[in-house]
Amino acid sequence: MRAVVVDRPGSVRVGDVPDPTPGRREVVIKVGACGICGTDLHIADGHFPPTPYPIVPGHEFAGEIVELGPDVRGGWAIGDRVAVDPSLFCGYCDPCRSGRGNLCANWGATGDTVDGAFAEYVAVPSATCHRLPGELTYAQGALVEPVSCAVHGIRRIGVEAGERFLVMGAGTMGLIMQQLLQRAGALVTVADRNAGRLPRASALGAAAVVTDPGELDGETFDASVDCTGAAPAIEAAFDRLRRGGRLLVFGVAPEQERVSLSPYRFYNDEITVVGSMAVLHSYGAALDLVASGAIDTDALVTHSLPLERFTEALDLMRGGTGLKIQVVPGGE
Ligand SMILES: [Zn+2]
Ligand SMILES: [Zn+2]
């Protein structure tokens, strides 16, 4: 089959690799669509520590079951349309055994630590498959994974009706976060240095949009969510919190990055800072939300490219062009 192969950091190609064969309790999926995200750039560049090389990346995907391995449970059949939770938790480490598999000591994910879905076919555990409702396209199914990360993040920070939120970043994740928070009754202000991204946030119902939280003229928030991973944005998100406020660090910063936050405010204003890592029992809920129309998926998927143009897709992503870029191996 054809697949994207990262042979080693910095070396990305589309080439021929053997078709996957399903192991015990695995199924083979014919990939319908697979989204590119920041993690794929990190994998291509060698900046994602868990990834071994060579690897076929791709962890945001949906497709059709075309082969069943031995002992597959769950009633799956050839032809079933599925979206796939990429999580591969070991099940026996302490975090797994205490219900926090996303913090697994042996963390893995399809497309991050084993071959993924920038390919015609991918083998996955049948237990990670979720049935894709008939009205959803594969493009929509491939958005469930980023939505499931946002669902986990929102569960971490919490939201109540009428709360004012500041979301830093109007990329795919920021706009997903915005929509889910609004759905929960929050009033959301969205900030992004790139003014070209703000009209979309406005169209999706933002209470206000700004290129710089400094423009907000003293306005403060019950909670803020950083979806950029950039230190100045995290600091601005913190500085805009009112007393008793909460900050969710959701964007992925480089491992060595440091931020400057006032410990006096942690103390005096009882500020809470929480982190959120990937997906935890949130994939099914995200699929239901996408199916219910809670997320405007048309507003998010801006590019759809065939597998053979993967490096071009990667360059678009790197250049910050558009929002979600998806690869469609079958040419949907
Ligand atoms: Zn991703
Ligand atoms: Zn584990």
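For clarity, every value in this text was computed on a predicted model and none was experimentally measured.

1. Regarding helix 9 (residues 283–291)
When we look at burial in helix 9, the residues that qualify are Tyr283, Ala286, Leu287 and Val290. Buried residues in helix 9, looked at end-on, bunch into an arc of 100 degrees, giving them a common side. Looking at the buried positions of helix 9, the neighbouring elements they touch are strand 4 (60–68), strand 5 (81–84), strand 9 (129–131), helix 3 (138–141), helix 4 (144–157) and helix 10 (297–300). Remark: Gly293 follows helix 9 within two positions and exhibits a positive phi of approximately 85 degrees.

2. Concerning the coordination of the zinc ion (ligand 1)
Within the first shell, the zinc ion (ligand 1) binds the protein through Cys37 (SG), His59 (NE2) and Glu60 (OE), at distances of 2.1 to 2.3 Å. Taken in sequence order, the residues that donate to the zinc ion (ligand 1) follow the motif C-x21-H-E. Placement of the pair is Cys37 in the loop between strand 3 (26–36) and helix 1 (38–45) and Glu60 in strand 4, with a sequence separation of 23 residues. Since its relative accessible area comes to 14%, Cys37 is described here as buried. You can call Glu60 buried: its relative accessible area is 2%.

3. Some details on the coordination of the zinc ion (ligand 2)
Within the protein, the zinc ion (ligand 2) binds to Cys90 (SG), Cys93 (SG), Cys96 (SG) and Cys104 (SG); these donor distances fall in the range 2.3 to 2.4 Å. Taken together, the four donor atoms surrounding the zinc ion (ligand 2) define angles of 102 to 119 degrees at the centre, an arrangement classified as tetrahedral. Sequence spacing of the donor residues for the zinc ion (ligand 2), all on one chain, is C-x2-C-x2-C-x7-C. Of this pair, Cys93 sits in the loop between strand 6 (87–88) and helix 2 (94–97) while Cys104 is found in the loop between helix 2 and strand 7 (108–109), placing the two residues 11 residues apart along the sequence. For the pair formed by Cys93 and Cys104, the shared burial category is buried.

About the criteria used
- Residues numbered from 1 in each chain as written.
- Chains lettered and ligands numbered in written order.
- Predicted model: local features only at pLDDT ≥ 70, side-chain atom pairs only at ≥ 80, totals over all residues.
- Heavy atoms only, no water.
- Buried < 20%, exposed > 50% of the residue type's maximum accessible area, 1.4 Å probe, protein only.
- Helix = DSSP H or I, 4+ residues; strand = E, 2+ residues; numbered from the N terminus.
- Arc of directions from axis to C-beta.
- Contact = heavy atoms within 4.5 Å.
- Donors = N, O, S within 2.8 Å, 3.2 Å for Na, K, Ca; no water.
- Tetrahedral: all angles 85-135°; square planar, octahedral: opposite > 155°, others 65-115°.

Keep in mind these values describe shape, not function.
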